Amino acid sequence: MKVLITGGAGFIGSHVVDECIEHNYEVVVVDNFSAGNSRNLPEDCKVYCVDINEAHLKNVFEEEKPDYVIHLAAQASVMKSFEDPIQDGLTNIIGTLKVLEYARLHCVKKVVIASSAAVYGNPQVLPVDEKFPLNPLSFYSLSKWSGERYAQLYESLYDLPSCILRFSNVYGPRQNALGEAGVVSIFINQLLNAEEMVIYGGHQTRDFIYVKDVAQACRTAMESTKTGIFNISSCSETTINELFAMTSLLAGITAEPQKYPLRQGEIEKSFLGNEKAINELGWQATHSLEEGLSETIVTYNASK
Ligand SMILES: Nc1nc2c(ncn2[C@@H]2O[C@H](COP(=O)(O)OP(=O)(O)O[C@H]3O[C@H](CO)[C@@H](O)[C@H](O)[C@@H]3O)[C@@H](O)[C@H]2O)c(=O)[nH]1
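Residues numbered from 1 in each chain as written. Predicted model: local features only at pLDDT ≥ 70, side-chain atom pairs only at ≥ 80, totals over all residues. Heavy atoms only, no water.

A. How the structure looks around the site of the ligand. In the vicinity of the ligand lie 20 residues, with A76, S116, Y140, V183 and E266 positioned nearest. Within the contact set of the ligand, a nitrogen atom lies 3.1 Å away from a backbone nitrogen or oxygen of Y200. Between the ligand and E266, the relevant distance is 2.3 Å, taken from an oxygen atom to a side-chain nitrogen or oxygen of the residue. Listed by contribution, the elements that provide at least two residues to the shell around the ligand are α6 (183-192) and β8 (198-200). Here the element with the most residues in the shell around the ligand is β8; it accounts for three residues. In terms of residue class, the shell around the ligand is made up of 12 nonpolar, five polar and three charged. (Near = heavy atom within 4 Å. Polar contact = N/O pair within 3.5 Å; in protein donor to acceptor, adjacent residues only side chain to side chain. Helix = DSSP H or I, 4+ residues; strand = E, 2+ residues; numbered from the N terminus. Nonpolar A, V, L, I, M, F, W, Y, C, P; charged D, E, K, R; others polar.)

So this is what it looks like as structure tokens:
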């Protein structure tokens, strides 16, 4: 069986590539290398250097005829979506639409779409489940929600099965501290390089999930007969101050970060229930934050 993975050279995508290869799938990667890196990929992996908005994407589908698509290529930064909402919409809305349309035309068996915890905004009930009303607070969360709705419409109009995975805050090896969003990689990088540190806010919470658990969730969702929306989270709430303290303890480095106010459009509390994924997909996160952070710090140290 062949899986086409968009964004496969990126942080999450490359772990999904590893996961699928480990489970004997033939993998084809589509990536524009804006955030991705070929060093993240196995040497013999088939890669198309193509943007999901380029006309050439159609040819990739024609040539490869994938059985499944895991769509992870995205503009992933909440802050960048304020700086350039048009680019955010082009990538996350139009790009997703193109992937779905070509998947339909080429009779793909199932599409897995990456969405985000950000679609909930600041929920009144925590942990928030998939039925909770959505309230996007950024262009990023609005564009991710639009991608979800396109996928749902493709399923109801054209019987294109999909699983929409709302990831909480993903962290782990290969996350780029410079380009993409990712407070964990930023903290580790700054601590290990003894750089000046800043914390925006500090009391806001996030639900951190290890990237290898997310990769497993993508493969499991692809293989499942179930379709629909699933939160993919560790179902635990951590403040950014707690995250900083834990990271510096595990790295064995002390630092005194400067405190800045919370930024525009920031969610204050993010904490996602994951029972639906456990019960219906049979997936479960297996790494605690401490384990995941320790593994991540080891890989950052090794690559220094
Ligand atoms: N980037 C950054 N964030 C910081 C810092 N200090 C505190 N933070 C705070 O740490 C929190 C997490 O920031 P990010 O890791 O950039 O993630 P995010 O804005 O929550 O968005 C991420 O999670 C979404 C799912 O909830 C993802 O969908 C999205 O792509 C992204 O990965 C935010 O409240 C951010 O302000 C810092 O020095 N740098």
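B. Structural detail: the sheet that holds strand β11 (residues 228-232). The seven strands lie next to each other as β3-β2-β1-β4-β5-β6-β11, forming an open sheet whose pairing is parallel. With partners counted over all chains shown, the strands left at the sheet margins are β3 (46-49) and β11, one partner each. With direction set aside, neighbouring strand axes in the sheet form an average angle of 20 degrees. Here strand β1 (residues 2-6) runs beside strand β2 (residues 26-31); their pairing, made up of five bridges, is parallel. Residue pairing in the sheet places K2 in a bridge with E26 of β2. (Pairing = 2+ DSSP bridges. Axes fitted to C-alpha atoms, helices over the stretch in contact; angles between N-to-C directions.)

C. Layout of helix α2 (residues 56-64). Residues of α2 that are buried include every one of L57, V60, F61 and E64, and no others. Taken down its axis, α2 places every buried residue within 95 degrees of arc, on the same side. The elements touched by buried residues of α2 are β1, β2, β3, β4 (68-71) and α4 (85-105). K65 lies just past α2 and shows a positive phi near 45 degrees. (Buried < 20%, exposed > 50% of the residue type's maximum accessible area, 1.4 Å probe, protein only. Arc of directions from axis to C-beta. Contact = heavy atoms within 4.5 Å.)

D. Geometry of the packing of α4 against helix α5 (residues 139-158). Packing of α4 against α5 brings their axes to within 9 Å, and their N-to-C directions diverge by 15 degrees. One finds that α4 runs roughly parallel with respect to α5. As α4 runs across α5, the sense of the crossing is right-handed. Contact residues: P85, D88, N92, I93, T96, L97, L100, E101 and R104 in α4; F139, Y140, S143, K144, S146, G147, Y150, A151, Y154 and Y158 in α5. Residue composition of the contact of α4 with α5, by class: 10 nonpolar, five polar and four charged. (Parallel < 35°, antiparallel > 145°, perpendicular 65-115°, else oblique. Left-handed = near helix turned anticlockwise from the far one by under 90°.)

E. Structural detail: the packing of aromatic side chains. For the structure shown, the criterion picks out eight aromatic pairs. With centroids separated by 6.0 Å and ring planes inclined at 70 degrees, the aromatic side chains of F82 and F139 adopt a geometry described as edge-to-face. Of this pair, F82 sits in helix α3 (residues 78-83) while F139 is found in helix α5, placing the two residues 57 residues apart along the sequence. Accessibility expressed as a relative area gives 39% for F139, which makes it partly exposed. (Phe/Tyr/Trp six-rings, centres within 6.5 Å; stacked < 30°, edge-to-face > 60°.)

F. Layout of the packing of helix α1 (residues 11-22) against helix α7 (residues 211-223). At a closest axis distance of 8 Å, the pairing of α1 and α7 adopts a crossing angle of 60 degrees. Put simply, α1 runs oblique to α7. The two elements α1 and α7 meet at a crossing, and its hand is right-handed. Here F11, I12, H15, V16, E19 and C20 of α1 come into contact with α7, specifically with V211, K212, V214, A215, Q216, C218, R219 and M222. Considered class by class, the residues forming the contact of α1 with α7 number nine nonpolar, two polar and three charged.

G. A look at unusual backbone geometry. Omega for the peptide link from L126 to P127 comes to -5 degrees, which places this bond in the cis form. In this fold, P127 is placed in the loop between β5 (110-116) and α5. Of note in this structure, A194 is not a glycine but carries a positive phi near 50 degrees. When you line up the elements, A194 lands in the loop between α6 and β8. Relative accessible area serves as the criterion here: at 70%, A194 is assigned to the exposed category. Positive phi, normally seen in glycine, also occurs at C235, with a value near 55 degrees.

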